[in-house]
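Listed below, chain by chain, are the residues.
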Amino acid sequence: MRLLKQLVAVGVVAFVGSMGVGAVQGNTFLTLVLGVATAVLLVFVYARVVRWSERRAPVEVGGKGAVAAVGRGLLIGMGMFAAVIVNIALLGGYRIDGFGSVTGAIGLLGVMAAVAVSEELIFRGILFRIVEERTGTWPALTLTGLVFGLMHLTNQHATLWGAIAIAIEAGGMLAAAYAATRTLWVPIGLHFGWNFAAAGIFSTEVSGSGATQGLLNGVSSGPALLTGGDFGPEASPYAVVFGLLLTIVFLWLARRRGNLVPRRRGARADATATLAR
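*Asks:* In this structure, what is going on with the packing of aromatic side chains? I would like to understand it.
*Replies:* Describing an aromatic ring pair means giving the distance of the ring centres and the angle of the ring planes. Enumeration over the complete set of coordinates arrives at six aromatic pairs. Ring plane angle 75° and centroid distance 6.2 Å describe the contact between Tyr94 and Phe202, whose orientation is recorded as edge-to-face. A residue pair is termed long-range when its members are at least 10 positions apart, and Tyr94 in strand β1 (residues 94-99) and Phe202 in the loop between α7 (185-201) and β2 (216-220) qualify at 108 residues. The pair Tyr94 / Phe202 is uniform in exposure class, with both members buried. Clustering of aromatic rings is evident, with ring pairs tying together Phe81, Tyr94, Trp194 and Phe202. The positively charged end of Lys5 is found above the aromatic ring belonging to Trp52, 4.8 Å away from the centroid. The positively charged end of Arg124 is found above the aromatic ring belonging to Phe148, 4.4 Å away from the centroid.

*Asks:* Honestly, the pattern of salt bridges in this entry has me stumped. Any pointers?
*Replies:* Between side chains of opposite charge, a pair can form as their charged atoms come close. This structure, assessed with the given rule, holds 10 salt bridges. A salt bridge links Glu132 to Arg182; the nearest nitrogen and oxygen atoms lie 2.8 Å apart. With Glu132 in helix α4 (residues 102-135) and Arg182 in the loop between α6 (160-181) and α7, the pair connects residues that are 50 residues apart, well separated along the chain. By relative accessible area, Glu132 is classed as buried at 3%. You can call Arg182 partly exposed: its relative accessible area is 24%.

*Asks:* When you look at unusual backbone geometry in this model, what are you seeing that I'm missing?
*Replies:* Among all residues save glycine, negative phi is the norm, and among peptide bonds the norm is trans. Non-glycine residue Arg55 carries a positive phi angle of around 55°. When you line up the elements, Arg55 lands in the loop between α2 (28-54) and α3 (66-90). In this structure, Ser203 is a non-glycine residue whose phi angle is positive, near 55°. Tracing the sequence through the fold places Ser203 in the loop between α7 and β2. Given a relative accessible area of 12%, Ser203 falls into the buried group.

Conventions we followed
- Residues numbered from 1 in each chain as written.
- Predicted model: local features only at pLDDT ≥ 70, side-chain atom pairs only at ≥ 80, totals over all residues.
- Heavy atoms only, no water.
- Phe/Tyr/Trp six-rings, centres within 6.5 Å; stacked < 30°, edge-to-face > 60°.
- Helix = DSSP H or I, 4+ residues; strand = E, 2+ residues; numbered from the N terminus.
- Buried < 20%, exposed > 50% of the residue type's maximum accessible area, 1.4 Å probe, protein only.
- Lys NZ or Arg CZ within 6 Å of the ring centre and 35° of its normal.
- Salt bridge = Lys/Arg side-chain N within 4 Å of Asp/Glu carboxyl O.

As structure tokens, then:
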């Protein structure tokens with residue numbers, strides 16, 4: 001029941017916040033303010049519902065070291081996307097045709113803050129964490145990564161390959177980042193850094209966000225196998241490769257720090273029952 005209570009509380013705030021942000025996207029200032037406000041409220045609600053339903057302090061969103069952790073995640077996420085786009089550009093799949101829109105990038109700060117926080121709280125803070133307790137790290141990483149990828153099939157320009165790519169490079173990597181650090185701040189920063197670099201800087205497609213205009217006027221061309229096509233660079237093989245490499249690094253850190261939860265007997269049945277609730 002705690003999974004259901006937490007999902008409902010966070011999900012309602014995320015839904016209302018996304019509707020509000022979507023309604024004012026023509027106004028840069030309001031988009032930024034509402035997006036950031038939604039992100040802050042989401043963390044507050046998550047902390048309160050975890051404290052209420054689990055009778056414990058929500059240390060995974062504790063204030064100590066939060067700024068530094070978000071900063072580390074931000075640098076990793078932006079660096080990862082920059083590496084992806086540079087490799088695509090080297091093969092002629094992306095070029096910059098001047099500057100884009102500063103106001104567009106500012107508005108995307110708010111949008112991507114709300115998206116990163118809501119998805120990390122739901123998928124890593126609630127689903128992965130609770131499934132991991134019942135099944136162990138590996139089954140939880142696999143199951144929640146697949147769910148995260150499949151959720152993107154409802155987005156515009158969705159493809160099966162795009163969903164699989166998201167499951168691997170994001171679902172697995174972000175869960176591994178949480179397992180390695182046992183804080184949600186690193187995956188939140190990583191998620192935000194990736195999304196903002198993609199949309200707010202390089203003006204490429206981000207699954208679920210549609211066409212965006214960031215700081216640079218970027219033009220993608222060439223085979224979809226290289227660029228990710230209409231789905232965006234998240235469906236590029238480079239994104240999958242770099243995501244896998246980071247997943248391996250995070251899991252190595254998790255193992256070294258003793259943060260991996262052993263697989264429990266009957267884990268598959270437990271995981272299915274947990275997700276069903």
